[in-house]
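Residue-level structural notes
Take a look at the letters that make up each chain.
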Amino acid sequence: MDHLQTRQRWMSVLAHSRPDELLAHWQPLNLSPQFERIRAAETGLTQLQGRMGGTGKRFVMGDMTVTRAVIQLDGGVYGYSYVSGRNKPHAELCAVIDALLQMQGMNELLHKRVIAPLAALQQERRQQRAREVASSRVDFFTLVRGE
């Protein structure tokens, strides 16, 4: 995986993280990096688009609340985040972790202690949801009458 794909992956994991789970993995590290808020966490709306059957014409499904933040570490590295919902501290922490992950000395530690465990939790939730959906699946079939 190249750097862009690696960063996209960790940003996705951070964006889909639950605030309590992120804090549970972040706090034991006892890191308190100095940073400047370039764009303080702010909440807004984004439009969700869909397509019928995945191939049809686009339509607006509705709006979703998102919170974004941009920070700059003292070393000059920028961190960005967009998270669903209105949790400003969560968005800011995701931006801080994004910036730290771009630094050589922090990358391995944060991947091992924060990103990998969160990704595993998210994967387990997806698998659990798939099992729940599969257990309620109904297969319809038609009997042909021989008349």
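An unreviewed UniProt entry lists the protein chain under the name Phosphonate C-P lyase system protein PhnG, from Rahnella woolbedingensis.

Describing the packing of helix α2 (residues 19–26) against helix α3 (residues 88–101)
Contact geometry of α2 with α3 gives a least axis separation of 11 Å together with a crossing angle of 45°. Regarding the angle of α2 to α3, the classification is oblique. When you trace α2 past α3, the crossing you get is left-handed. Between α2 and α3, the residues in contact are Pro-19, Leu-22, Leu-23 and Trp-26 and His-90, Leu-93, Cys-94, Val-96, Ile-97 and Leu-100, respectively. Its residues assigned to classes, the contact of α2 with α3 shows nine nonpolar, one polar and no charged.

Some points on the pattern of salt bridges
Two side chains of opposite charge can pair, provided their charged atoms sit close to one another. For the coordinates displayed, the defined rule picks out seven salt bridges. Here Arg-39 and Glu-42 are joined by a salt bridge, their closest N and O atoms 3.2 Å apart. Owing to a relative accessible area of 39%, Arg-39 belongs among the partly exposed residues under this scheme. A relative accessible area of 30% places Glu-42 in the partly exposed class.

Points about the side chain of Ser-81
Summarising the element assignment, Ser-81 is placed in strand β3 (residues 78–84). Among the polar contacts made by the side chain of Ser-81, one reaches the main-chain carbonyl oxygen of Ala-91 at a distance of 2.5 Å. Once residues lying within four places of it in the same chain are set aside, the contact partners of Ser-81 are Thr-67, Arg-68, Ala-69, Ala-91, Glu-92, Cys-94 and Ala-95.

Comments concerning the sheet that holds strand β2 (residues 58–73)
The three strands are arranged β1-β2-β3 in an open sheet whose pairing can be described as antiparallel. Of all the strands in the sheet, just β1 (35–51) and β3 have a single pairing partner and so form its edges. Taken pair by pair, the neighbouring strands of this sheet meet at an average axis angle of 25°, ignoring direction. Lying on the sheet, α3 is in contact with β1, β2 and β3; it crosses β3 at an angle near 140°.

Notes on unusual backbone geometry
Residue Asn-30 is not a glycine yet carries a positive backbone phi of 50°. Accessibility expressed as a relative area gives 67% for Asn-30, which makes it exposed.

Description of the pairing of β1
By the bridge criterion, 14 bridges tie β1 to β2 in an arrangement that is antiparallel. For Arg-37, the partnering residue across the bridge sits in β2 and is Ile-71. Linking two consecutive strands that pair antiparallel, namely β1 and β2, is a turn of six residues; a positive phi of about 65° is found at Gly-53 within it.

Calculation criteria
Residues numbered from 1 in each chain as written. Predicted model: local features only at pLDDT ≥ 70, side-chain atom pairs only at ≥ 80, totals over all residues. Heavy atoms only, no water. Axes fitted to C-alpha atoms, helices over the stretch in contact; angles between N-to-C directions. Helix = DSSP H or I, 4+ residues; strand = E, 2+ residues; numbered from the N terminus. Parallel < 35°, antiparallel > 145°, perpendicular 65-115°, else oblique. Left-handed = near helix turned anticlockwise from the far one by under 90°. Contact = heavy atoms within 4.5 Å. Nonpolar A, V, L, I, M, F, W, Y, C, P; charged D, E, K, R; others polar. Salt bridge = Lys/Arg side-chain N within 4 Å of Asp/Glu carboxyl O. Buried < 20%, exposed > 50% of the residue type's maximum accessible area, 1.4 Å probe, protein only. Polar contact = N/O pair within 3.5 Å; in protein donor to acceptor, adjacent residues only side chain to side chain. Pairing = 2+ DSSP bridges.

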